[in-house]
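Listed below are the residues making up each chain.
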Amino acid sequence: MLSADDFRRLQWHSRRGMLELDVLLEPFTNQAFKNLSEEDQSLYLKLIDCEDPDLFAWFMGDGRPQDPGLAKIVDKVVQHARSGLNSAVSAP
């Protein structure tokens, strides 16, 4: 479990400066990260350390991480984004 300071650093590190990544990573960090298992939290921390071009490609479906753990967390981030979109579309 991250300390409050470490979580704030994670929130800051989730802001990538590339809109396509920011709209995926910031909501995931703020809404889903704390509910992940310790293993998945560790994978997310590893994912956040990856380079932006790699993240962009993985999230846009132009490739997959070779590391199966990273692929798993990429899928979780994408699923979270899709569920948020589905909620927004179905809201009255």
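Residues numbered from 1 in each chain as written. Predicted model: local features only at pLDDT ≥ 70, side-chain atom pairs only at ≥ 80, totals over all residues. Heavy atoms only, no water.

1. Quick word on the overall build of the protein chain
- Helix and strand content of the protein chain: 5 helices and 0 strands.
- Relative to the compact-globule value of 12 Å for 92 residues, the protein chain shows a C-alpha radius of gyration of 13 Å, a close match.
- Overall, the C-alpha framework of the protein chain stretches about 40 × 30 × 25 Å when taken along its three principal axes.
- Evaluated residue by residue, the protein chain yields a buried proportion of 36% over its 92 residues.
- Sequence separation of at least 24 residues holds for 55% of the intrachain contacts in the protein chain that already meet a minimum separation of 6.
- Total accessible area on the protein chain is roughly 5,900 Å²; 53% of this is exposed by carbon and sulfur atoms.
- Distance between charge centroids for the protein chain: 5 Å, based on 10 positive and 15 negative side chains. (Helix = DSSP H or I, 4+ residues; strand = E, 2+ residues; numbered from the N terminus. Rg over C-alpha atoms; globule rule 2.2 N^0.38 Å. Buried < 20%, exposed > 50% of the residue type's maximum accessible area, 1.4 Å probe, protein only. Contact = heavy atoms within 4.5 Å. Areas by Shrake-Rupley, 256 points an atom, 1.4 Å probe, with all protein chains shown as cover. Lys, Arg positive; Asp, Glu negative; His and termini not counted. Charge placed at Lys NZ, Arg CZ, Asp CG, Glu CD.)

2. Concerning the nonpolar core
- Counting 22 residues, the largest nonpolar core has Leu25, Tyr44, Leu47, Leu55, Phe59 and Val77 as the members making the most contacts within it.
- Elements supplying a minimum of two residues to this core: helix H1 (4–13), helix H2 (19–31), helix H3 (38–48), helix H4 (52–59) and helix H5 (68–90).
- Top contributing element to this core by residue count: H5, with 5 residues.
- Beyond its immediate sequence surroundings of up to four residues, leucine 25 is in contact with Ser14, Arg16, Tyr44, Ile48, Leu55, Phe59 and Val77. (Core = buried A, V, L, I, M, F, W, Y, C linked by side-chain atoms within 4.5 Å.)

3. Here we look at H4
- Within H4, burial applies to Leu55, Ala57, Trp58 and Phe59.
- Phi for glycine 61, located one or two positions after H4, is positive at around 80°.

4. Side note on the pattern of salt bridges
- Scanning the entire structure with this criterion turns up 8 salt bridges.
- As a salt-bridge pair, arginine 15 and glutamate 26 come within 3.6 Å of each other at their nearest N and O atoms. In this pair, arginine 15 is assigned in the loop between H1 and H2 and glutamate 26 in helix H2, connecting sequence segments 11 residues apart.
- We classify glutamate 26 as partly exposed; its relative accessible area is 23%.
- Note that aspartate 40 is salt-bridged to lysine 72, the shortest N-O span being 2.9 Å. With aspartate 40 in helix H3 and lysine 72 in helix H5, this pair connects stretches of sequence that are 32 residues apart.
- Each of the salt bridges in this network shares a partner with another, and the network as a whole consists of Asp40, Lys72 and Lys76. (Salt bridge = Lys/Arg side-chain N within 4 Å of Asp/Glu carboxyl O.)

Keep in mind that these numbers describe shape and distance, not what the molecule does.
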